[in-house]
2 protein chains.
Amino acid sequence: MHALAHEAPLTRSVEDYLKVIYHLSSQGGFAATSDIAAMLDLAPPSVSGMVKRLSEAGLIEHVPYRGVQLTAQGRRAALRMIRRHRVLETYLTQQLGYDWDGVHAEAERMEHAVSDDLIERMAGALGDPRYDPHGEPIPTAALEIEEAELVRLSEAAVGQALELREVATQDPARLRYLAEQGLTPGAQLVVTDRQPFNGPTTVQLRGSSAARVVGQELARLLLCRPGGGDGDARA
Amino acid sequence: MHALAHEAPLTRSVEDYLKVIYHLSSQGGFAATSDIAAMLDLAPPSVSGMVKRLSEAGLIEHVPYRGVQLTAQGRRAALRMIRRHRVLETYLTQQLGYDWDGVHAEAERMEHAVSDDLIERMAGALGDPRYDPHGEPIPTAALEIEEAELVRLSEAAVGQALELREVATQDPARLRYLAEQGLTPGAQLVVTDRQPFNGPTTVQLRGSSAARVVGQELARLLLCRPGGGDGDARA
DNA sequence: GTCGGATATTAGGATACCCTAAGCCAGCAG
DNA sequence: CTGCTGGCTTAGGGTATCCTAATATCCGAC
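What counts, and at which threshold
- Each chain carries its own residue numbering, running from 1 in the written order of its sequence.
- Key to labels: chains lettered from A, ligands numbered from 1, both in the order written.
- Local features in this predicted model are restricted to residues whose pLDDT is 70 or higher, and side-chain atom pairs enter the listing and the counts only when it is 80 or higher, whereas totals over whole chains, interfaces and linings include all residues.
- In computing side-chain properties, one takes all heavy atoms of the structure into account and sets aside hydrogens as well as water.
- A run of H or I in DSSP becomes a helix once it reaches four residues, and a run of E becomes a strand once it reaches two; helices and strands are each numbered from the N terminus.
- We compute the radius of gyration over the C-alpha atoms and compare it with the globule rule, which gives 2.2 Å times the number of residues raised to the power 0.38.
- The rule is simple: take the accessible area with a 1.4 Å probe, protein chains only, and divide by the maximum for that residue type; under 20% is buried, over 50% is exposed, in between is partly exposed.
- Should any heavy atoms of two residues lie within 4.5 Å, those residues are considered in contact.
- Methods summary: accessible areas were calculated by the Shrake-Rupley approach with a probe of 1.4 Å, and residue burial reflects only the protein chains presented.
- A pair of aromatic rings is counted whenever rings of Phe, Tyr or Trp (Trp by its six-membered ring) have centres within 6.5 Å, and the orientation is called stacked for planes under 30 degrees apart, edge-to-face for over 60 and tilted otherwise.
- Distance and angle both matter: a charge sits over a ring if NZ of Lys or CZ of Arg is within 6 Å of the ring centre and within 35 degrees of the ring normal.
- Throughout, the edges of the domains are those of an automatic or database domain assignment.
- Pairing between strands requires that DSSP locate at least two bridges from one strand to the other.
- A least-squares fit on C-alpha atoms brings the copies together, and the residues used are those whose pLDDT is at least 70 in both copies.
- Note on method: axes are straight lines fitted to C-alpha atoms, helices fitted across the in-contact stretch only, with angles between N-to-C directions ranging 0 to 180 degrees.
- The scheme is simple: roughly parallel for angles under 35 degrees, roughly antiparallel for over 145, roughly perpendicular for 65 to 115, oblique for anything else.
- Throughout, a crossing is termed right-handed when the near helix is turned clockwise from the far one, and left-handed when it is turned anticlockwise from it by less than a right angle.
- Note on residue classes: Ala, Val, Leu, Ile, Met, Phe, Trp, Tyr, Cys and Pro are nonpolar, Asp, Glu, Lys and Arg are charged, and everything else, Gly too, is polar.
- For each residue, the test is whether any non-hydrogen atom lies within 4 Å of the molecule or strand; if one does, the residue is near.
- Side-chain atoms alone can form a polar contact between residues adjacent in sequence; in general such a contact is a pair of N or O atoms within 3.5 Å, and within protein one must be able to donate a hydrogen while the other accepts it.
- Put simply, buried area is the surface a 1.4 Å probe can reach on two separate parts but cannot reach once they are joined, added for both.
- Note on definitions: salt bridges are taken to be side-chain nitrogens of Lys or Arg within 4 Å of carboxyl oxygens of Asp or Glu.
- Residues are said to line a cavity or pocket when one of their atoms sits within 4 Å of a point; the points come from a 1 Å grid over protein atoms alone, cavities being sets where a 1.4 Å probe fits but cannot get out and pockets being open sets with protein on both sides within 12 Å along at least five of seven lines.
- Grid points are joined across faces, edges and corners, and a volume is the space filled by probe spheres set on the points.
- The span you would expect from a helix comes to 1.5 Å times its residue count less one.

## Concerning the overall build of chain A
Secondary structure assignment for chain A yields eight helices and eight strands. A compact globule built from 235 residues would reach a C-alpha radius of gyration of about 18 Å, and chain A, at 19 Å, matches this within 12%. Summarising its shape, the C-alpha atoms of chain A cover approximately 55 × 45 × 35 Å along the three principal directions. A burial count over chain A gives 43% of its 235 residues as buried. Within chain A, contacts between residues separated by at least 24 positions form 63% of all contacts whose residues are at least 6 apart in sequence. When the accessible surface of chain A is totalled, it reaches about 12000 Å², and 51% of it is carbon and sulfur.

As structure tokens, then:
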């Protein structure tokens, strides 16, 4: 009989913690408290305190001096916030004229305030979108999320054809620059060159037949699906 | 040199207090702390504490044992919240299919979370509406609000032609019932009868040629403009 | 003109969250 | 295998908001 069925509603802080823990632990297993602190711009002791509360609430598992991981319950709560955020970003962009680089902050505040009902209405009005403006997959209402096999542009082999799928930053300046370069989700590209020692990657943009040189920092943010759309791609 | 130009951003609680103080003091001069407590569903001492902070912040004037009034600054902050709330209600109703009786709670939460920019985008998308779904006037972006001369249906003279302008409640059950009766803003009506001793008012609905009997409690919520629309009305 | 009850305020405490400063632990350097 | 350093946690405060219980004030009834 569902032990903690009626949890108290989560506070804004808790929702934010869960979201960053989700992101930090999505690759490796544990999220370090100092990384959580850095992401939320808090002092590490504040995180230790919250970590205790979260693990008492059954939302995370804490291994002292190692880090934290989400429980199933915590993961659900995190995915719910991610769905909210991404639906909001998509709605604000498509319906209210926000730019993809300015929409993050607004969604960040709204995601704590709106009802699930509103989110579903927005999603419905948009035809249940599967990706947000940055190309990130939107969890379904049932909180299932697509786990795509994406490679960072910084690691793609020279000669490979790719489709740009995700731009993994919310920084407005970087987003604006990348958009100017035509590097938005859906862009078809071929890696034509990479300089050694973490040097820049050069890509050919299909459609515009233009070349772009992308430094390593930005190339790491560009998540691509191999075999982009045409050319020799077959697989 | 604008003394307190850069006030700290107001908290949600403060925003809520200012809004109810605005409503409570809009008629008479002072809002009583017990009335504020009742409206916000708080214990009176909590209000006393907040009242002290608000008056230190220059948002209200407090006369001990009498009540509070908004300062010019507090009034501006209250009107800003009222604009936000009413724009949100209008947007949610017109763009996302909310009913006029269900929209209040959603707007109540969102009004604390969204940016002014979003409010103006929503207002723009709606063509800068002047009234919300309940007929209440929406303050302009410059925070000017229409002060209409409205009479309560419960006090209108028998025989008078009226236009229903505002429905002064947010209670979903009452709103739903009134909508079923065709009593929504814009309805044209004529008072045909009133029973004594705070008895019900009977109105004739133009257009539907139907009669409605409205008890005193509800009739007090229906704010009307005299000389409704047609018939002998000329003024 | 004083008493009593309603209303308001002060006193004292709880919670959730944040911080800085001080102490603890794990694992690598030697 | 010992000691140091950096990351983590505990200790101790601070703010904002709420509460209950106790006290103060106002005002109409008599």
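From this point, the narrative continues.
## Quick look at the packing of aromatic side chains
For any two aromatic rings, the description comes down to two numbers: the centre-to-centre distance and the angle of the planes. Under the criterion given, the structure shown has zero aromatic pairs over all chains. Stacked on the ring of A:Y131, the Lys or Arg A:R165 has its end atom at 4.4 Å from the ring centre.

## So, the domain arrangement of chain A
You'll often see interface size given as the accessible area lost when the parts meet. Split into domains, chain A comes out as domain 1 (12-70) and domain 2 (151-226). Taking only C-alpha atoms into account, the centre of domain 1 of chain A sits 31 Å from that of domain 2 of chain A.

## Examining unusual backbone geometry
Positive phi values are uncommon outside glycine, yet A:F197 reaches one of about 55°. Relative to the assigned elements, A:F197 resides in the loop between β5 (188-194) and β6 (201-205).

## Re the pairing of strand β4 (residues 161-167) of chain B
Two faces, one strand: in a regular strand the side chains alternate between the faces of the sheet. Residue and element names in this part refer to chain B. Taking burial as the measure, the seven residues of β4 include seven buried ones, the bulk of the element. Looking at chain direction, β4 and strand β5 (residues 188-194) are connected through three bridges and run antiparallel. Within β5, the position partnered with L162 by the bridge is L189.

## Brief notes about the relation of the copies chain B and chain A
With an RMSD of 0.1 Å, the fit of chain B onto chain A corresponds to turning through 179° and sliding 0.0 Å along the axis. What the rotation and shift describe, once combined, is the action of a two-fold rotation axis. Comparing interface residues between copies, 100% of those in chain B also sit at the interface in chain A, which points to an isologous, same-surface contact.

## Concerning the sheet that holds strand β7 (residues 210-214) of chain A
The strand order β3-β8-β4-β5-β6-β7 (chain A) describes an open sheet built from six strands, whose pairing is antiparallel. Edge positions in the open sheet fall to β3 (151-152) and β7 of chain A, since each of these has one partner strand only.

## Considerations on the packing of helix α4 (residues 72-96) of chain B against helix α6 (residues 116-125) of chain B
Residue and element names in this part refer to chain B. Relative orientation of the contacting elements α4 and α6 amounts to 45°, with a least axis distance of 10 Å. Compared by their axis directions, α4 and α6 come out oblique. Where α4 crosses over α6, the two elements pack in a sense that is left-handed. Note on element contacts: α6 touches α4 through D116, I119, E120, M122, A123 and A125, opposite R80, R83, R84, V87, L88 and Y91. Residue classes in the contact of α4 with α6 are distributed as seven nonpolar, no polar and five charged.

## Observations concerning the protein's contact with DNA strand D
Neighbouring residues of DNA strand D: 19 residues in total, closest A:S34, A:H62, B:T11, B:S46 and B:R53. Protein-proximal atoms of DNA strand D, defined as those within 4 Å of the protein, fall in sugar or phosphate at a share of 73%. The separation between a sugar or linking oxygen of DNA strand D and a polar side-chain atom of B:S13 is 3.4 Å. In this structure, B:Y17 approaches DNA strand D through a side-chain N or O atom, which is 3.1 Å from a phosphate oxygen. Looking at the surface near DNA strand D, the elements with two or more residues in it are α2 (33-40) and α3 (44-56) of chain A together with α1 (12-25) and α3 (44-56) of chain B. It is α3(B) that provides the largest number of residues to the surface near DNA strand D, a total of four residues. A per-class count over the surface near DNA strand D returns eleven nonpolar, seven polar and one charged.

## Considerations on the protein's contact with DNA strand C
Lining the immediate environment of DNA strand C, one finds 20 residues, of which A:T11, A:S46, A:R53, B:S34 and B:H62 sit closest. Taking all atoms of DNA strand C within 4 Å of the protein, the share assigned to sugar and phosphate is 76%. Note that a phosphate oxygen of DNA strand C is positioned 2.7 Å from one of the side-chain N or O atoms of B:S34. Secondary-structure elements contributing two or more residues to the surface near DNA strand C are α1 (12-25) and α3 of chain A together with α2 (33-40) and α3 of chain B. Looking at the surface near DNA strand C residue by residue, the class counts come to twelve nonpolar, seven polar and one charged.

## Remarks on the interface of chain B and chain A
The interface is formed by 18 residues belonging to chain B together with 18 residues belonging to chain A. Carbon and sulfur atoms make up 55% of the surface buried where chain B meets chain A, a total of about 1500 Å² over both sides. At the junction of chain B with chain A, the criterion picks out zero salt bridges. The interface formed by chain B and chain A includes ten residue pairs in polar contact (both at pLDDT 80 or more).

## Some remarks on empty space enclosed by the protein
Residue and element names in this part refer to chain B. Across all of its chains, the model carries one cavity of 30 Å³ or more by this definition. Of the voids in this model, the largest cavity is the one considered here, and its volume is about 40 Å³. In terms of lining residues, the largest cavity is bounded by Y131, G135, P137, E146, A148, L150, R165 and E166. A per-class count over the lining of the largest cavity returns four nonpolar, one polar and three charged.

## Brief notes about α1(B)
The end-to-end C-alpha distance of α1(B), which contains 14 residues, comes to 20 Å, matching closely the 20 Å that a straight helix rising 1.5 Å per residue would cover. Residues of α1(B) that are buried sit in contact with α2, α3, β1 (60-63), β2 (67-70), α4 and α5 (103-110) of chain B.

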